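Architecture at a glance
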Amino acid sequence: MGNKQTLKITSIGQNEETDSKSKEGVAEDSINAAGFGKFNYKVTILCSLIYINAAFSILSTGFIIPAAACDFKMTTIDKGRIITAPILGSCFGPFVWGFLADVRGRKFSLIIALFLQGNCELLMSIVPNYWGFLVLKFFSGFGVIGQLSLLFTYVGEFQPTNYRKKILSLMDLALIVGMILVPLLGWSIIPLTFQYRNSFFLFRSWNLFIVLCSIPAEIIGLWLIFFPETPKYLAETGRNIELFNVLVKVYTENTNKSPESYFKILSECKNPLTQSLALNYVKKKDFEEEIDFKNDVRLKSILFDFKNQAKAIRAAPYLTRTILACLIAFTITLAYYSFLLWFPEVFQRLAQFQNKFPNETATICSISDRMYSRSVNLSVEQIDPFGCDVPIDNSVYINSLWQAVACIPSSIILITFIDKVGFKYFLVAATLAAFLTTIGMFFAKTKLQIMILTCLFESMTSICMSVIFCFVVVIFPTNFRVFAGALAIFFSRVGSLIGNILFSYLIDNHCVPLIYIIAFHLLLGAIFCLMVKEQKYV
């Protein structure tokens, strides 16, 4: 009993690249042998809920800003800081969360990200001043990007090869559900007129809205504790006993068959390493002796691995692929988040204009020039800049709901045809369509026209956002996936940050150049998408 035995995939050979491919092959073979069934549905539902929660955190900001503007006395620039704070926090997140995911695993990192975001937003609901709110929003964004960085990897690494693209595409529906639920929740809570005030803080309906939006993160984080770590991570770190325990759990839940039948399938696998490891597990599982394997990867080893990944993606064929992935993420997210987080504010401005001038029509830019611009001599009195005189119009919630509903058909098309068309051409088509709708905003002069264009924009760009993250999973091998994904997400965050800064500074006085900038980046994104050669990594 005193002799400890070690089972580690990391000792396969001296060549690191061969090592990595061997680890990936074992995990891939084992997951494919485990089949698709109940467990896969459970993990897909879990990750869908994580995506919905991220949507709650991101999209709720757009409804909080007009509701809290009066209490915090926010100008357009102040509102822009609230929107950019979580994006700035998310800029620091991809490499931190990617590093933590390699050190402690995908599951652990997701749990930390969920609790960080949920607790920060609970505190946001009672913070008494603008700057405290801003700091908490920063850390909330840091937690949200951890969820977005890892949930696609977590769900993808549990899926058999034949189902992976469809399951990853299915995540787009989760985003749509979040887009529907956020305005519904806001519509039911924010118009309430109750308030609680004391010498320390003021609690009103928008504070309650934040509380309710934070609860899903806490609940999902607790549920995730009962899920296993991904097989690919366990294989990569040489935790073979835990790896096969997880695989047996997946197989038995999926098929309702005995573990023996699973190992029989593995014994017939073409990969001799998979056969060997499965046989060793079967032989040793009935012994009481302790099996010695490393539960944690040493920090030095992880840093060395990150260094090697950084070197690897600078060489062919990964360099071009990495540059294009980063440029696509930057250009498309700059356009997407610029409009997405400001749409409630745009709809509120449109409603205020119609209330003030019921018989006139105007474009988005002419409304900004007439009612908010400080660069022209106005012939009419401007509205209260803090919005204290006008509550949020119901059309803000209705238009947001229509935007979410408009995403359903495109999402169904994505799921149905993704295997036939591929990620690349969905990206190109959706980005070009979003470019055309952006140009169309120069010509839309009625509420209906503006709403149709914003619905089309949201429908197309929401596909782009889901496909971008899926794309990173499938065009890089497992041993580069976390680092390359973190790099692409970092550039997407920078794009989001720059886009929102531009929007907050240009929407009032330079709206026309702003629309041109957004359209130009969408056109660039489509061109970069065309240059990508879709790979077969799974």
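Located above this text is the structure these notes cover.
Residues numbered from 1 in each chain as written. Predicted model: local features only at pLDDT ≥ 70, side-chain atom pairs only at ≥ 80, totals over all residues. Heavy atoms only, no water.

Overview of the overall build of the protein
- A tally of regular secondary structure across the protein gives 21 helices and two strands.
- Burial analysis of the protein (538 residues in total) assigns 60% to the buried set.
- Relative to all contacts within the protein whose residues are 6 or more apart in sequence, the contacts with residues 24 or more apart total 81%.
- Only carbon and sulfur atoms are counted for the fraction: they give 64% of the accessible area of the protein, which is about 22,100 Å². (Helix = DSSP H or I, 4+ residues; strand = E, 2+ residues; numbered from the N terminus. Buried < 20%, exposed > 50% of the residue type's maximum accessible area, 1.4 Å probe, protein only. Contact = heavy atoms within 4.5 Å. Areas by Shrake-Rupley, 256 points an atom, 1.4 Å probe, with all protein chains shown as cover.)

Topic: the state of the cysteines
- Summed over all chains, the structure comprises one disulfide.
- Disulfide pairing places Cys365 opposite Cys511 at an S-S distance of 2.1 Å. Classification of the bridge connecting Cys365 and Cys511 rests on its S-S torsion, roughly -70°, and on that basis the disulfide is left-handed. In this pair, Cys365 is assigned in helix H16 (residues 364–371) and Cys511 in helix H21 (residues 511–530), connecting sequence segments 146 residues apart. Judged on exposure class, the residue Cys365 and its partner Cys511 are both buried.
- For Cys464, which is in no disulfide, the shortest distance to another cysteine sulfur is to Cys529 and amounts to 6.9 Å. (Disulfide = S-S within 2.5 Å.)

Overview of the environment of Ser462
- By the secondary structure assignment, Ser462 is in helix H19 (residues 447–475).
- Sequence separation between Ser462 and Thr431 is 31 residues, and the spatial gap between their C-alpha atoms is 10.0 Å.
- In this structure Ser462 touches Asp172, Leu175, Tyr336 and Cys407, once residues within four positions along its chain are discounted.
- Within the structure, the side chain of Ser462 is placed 3.0 Å from the backbone oxygen of Ser459, a separation counted as a polar contact. (Polar contact = N/O pair within 3.5 Å; in protein donor to acceptor, adjacent residues only side chain to side chain.)

What about the nonpolar core?
- If you look at the biggest cluster of nonpolar residues, it comprises 152 residues, and the most contacted ones within it are Phe133, Leu151, Tyr154, Phe209, Phe244 and Tyr262.
- Contacts of Leu151, omitting those with residues within four sequence positions, involve Cys47, Ile50, Tyr51, Leu110 and Met171.
- Tyr318, Cys326, Phe483 and Leu487 belong to the second largest nonpolar core, which has five residues in total. (Core = buried A, V, L, I, M, F, W, Y, C linked by side-chain atoms within 4.5 Å.)

Some remarks on the packing of aromatic side chains
- For the structure on display, the rule yields 28 aromatic pairs.
- A centroid spacing of 5.2 Å and a plane angle of 75° characterise the contact between Phe36 and Tyr41, whose relative ring orientation is edge-to-face.
- For the ring pair Phe339 and Phe503, a centre distance of 5.9 Å and an interplane angle of 75° mean the geometry is edge-to-face. Taken together, the residues Phe339 in helix H14 (residues 318–340) and Phe503 in helix H20 (residues 478–506) connect sequence positions 164 residues apart.
- Through a chain of ring-to-ring contacts, the aromatic side chains of Phe339, Trp342, Phe343, Phe347, Phe457 and Phe503 assemble into a single cluster.
- In this structure, Lys42 packs its charged tip against the face of Phe227, placed 5.8 Å from the ring centre.
- Taking the ring centre of Phe108 as reference, the NZ or CZ of Arg104 above it sits at 4.3 Å. (Phe/Tyr/Trp six-rings, centres within 6.5 Å; stacked < 30°, edge-to-face > 60°. Lys NZ or Arg CZ within 6 Å of the ring centre and 35° of its normal.)

Examining unusual backbone geometry
- Look at Lys73: it is not a glycine, yet its phi comes out positive at around 55°.
- Tracing the backbone shows Lys73 in the loop between helix H2 (38–72) and helix H3 (76–91).
- In this structure Lys73 comes out as partly exposed when scored by relative accessible area, which is 45%.
- Notably, Asn256 is not glycine yet its phi reads approximately 60°, a positive angle.
- Locating Asn256 in the fold gives a position in the loop between helix H10 (240–255) and helix H11 (259–267).

A look at the environment of Lys445
- Within the secondary structure layout, Lys445 lies in the loop between helix H18 (423–440) and H19.
- Separated by 81 residues in the primary sequence, Lys445 and Ile364 place their C-alpha atoms 7.8 Å from one another.
- Beyond its immediate sequence surroundings of up to four residues, Lys445 is in contact with Thr361, Ala362 and Thr363.

Overview of the side chain of Thr230
- Inspection of the secondary structure assignment puts Thr230 in the loop between helix H8 (205–224) and helix H9 (231–236).
- A polar atom in the side chain of Thr230 sits 2.8 Å from the side chain of Glu157.
- Those residues within four positions of Thr230 in sequence are excluded, and the remaining contacts are Arg106, Tyr154, Glu157 and Phe158.

Things to note about the packing of H18 against H21
- Remark: H18 packs on H21, axes separated minimally by 8 Å, with the N-to-C direction vectors making an angle of 160°. Between H18 and H21, the interaxial angle falls into the category roughly antiparallel. Crossing geometry of H18 relative to H21 is assigned as left-handed. Contacts from Lys424, Leu427, Val428, Thr431, Leu432, Ala434, Phe435, Thr438 and Ile439 in H18 reach Ile515, Ile518, Ala519, Leu522, Leu523, Gly525, Ala526, Cys529 and Leu530 in H21.
- Per-class residue counts for the contact of H18 with H21 are 14 nonpolar, three polar and one charged. (Axes fitted to C-alpha atoms, helices over the stretch in contact; angles between N-to-C directions. Parallel < 35°, antiparallel > 145°, perpendicular 65-115°, else oblique. Left-handed = near helix turned anticlockwise from the far one by under 90°. Nonpolar A, V, L, I, M, F, W, Y, C, P; charged D, E, K, R; others polar.)

Here's the deal with the packing of H3 against helix H6 (residues 130–156)
- Following both chains from N to C, one finds H3 and H6 inclined at 35°, their axes separated by 6 Å at the closest point. Of the two possible hands of crossing, H3 and H6 adopt the one that is right-handed. Residues Asp78, Arg81, Ile82, Ala85, Pro86, Leu88, Gly89 and Ser90 of H3 form the contact with H6, whose own contacting residues are Tyr130, Trp131, Phe133, Leu134, Lys137, Phe138, Gly141, Phe142 and Ile145.
- For the contact of H3 with H6, the residue count by class is 11 nonpolar, three polar and three charged.

A short note on H18
- If you check H18, its first and last C-alpha atoms are 26 Å apart, about what 18 residues at 1.5 Å a residue would give, namely 26 Å.
- All of the buried residues along H18 are Phe423, Lys424, Phe426, Leu427, Val428, Ala430, Thr431, Ala434, Phe435, Thr437, Thr438 and Gly440. (Expected span 1.5 Å × (residues − 1).)

What to know about a nonpolar patch on the surface
- A contiguous nonpolar patch, built from Val177, Leu181, Leu184, Trp187, Ile398, Trp402, Val405, Ile408 and Ile412 and spanning about 720 Å² of accessible area, is present on the exposed surface.
- Breaking the nonpolar patch down by element, the ones donating at least two residues are helix H7 (161–189) and helix H17 (394–421).
- For the nonpolar patch, the leading source of residues is H17, giving five residues.
- Tracing the backbone through its elements, the reader meets Ile412 in helix H17. (Patch = residues over 30% accessible without salt bridge, like charges linked within 9 Å, V, L, I, M, F, W, Y side chains within 5 Å. Salt bridge = Lys/Arg side-chain N within 4 Å of Asp/Glu carboxyl O.)

Description of the pattern of salt bridges
- If you walk through the whole model with that rule in mind, you get 11 salt bridges.
- Of the charged contacts in the structure, one is a salt bridge between Asp71 and Arg204, with a shortest N-O distance of 2.7 Å. Pair noted here: Asp71 is in helix H2 and Arg204 is in strand E2 (residues 202–204), with a separation of 133 residues, a long-range link.
- Of the residues examined, Arg204 reaches a relative accessible area of 27% and is grouped as partly exposed.
- A single salt-bridge network, built from bridges that share partners, covers Lys79, Glu345, Arg349 and Asp508.

Such coordinate-based values are descriptive only and should not be taken to indicate function.
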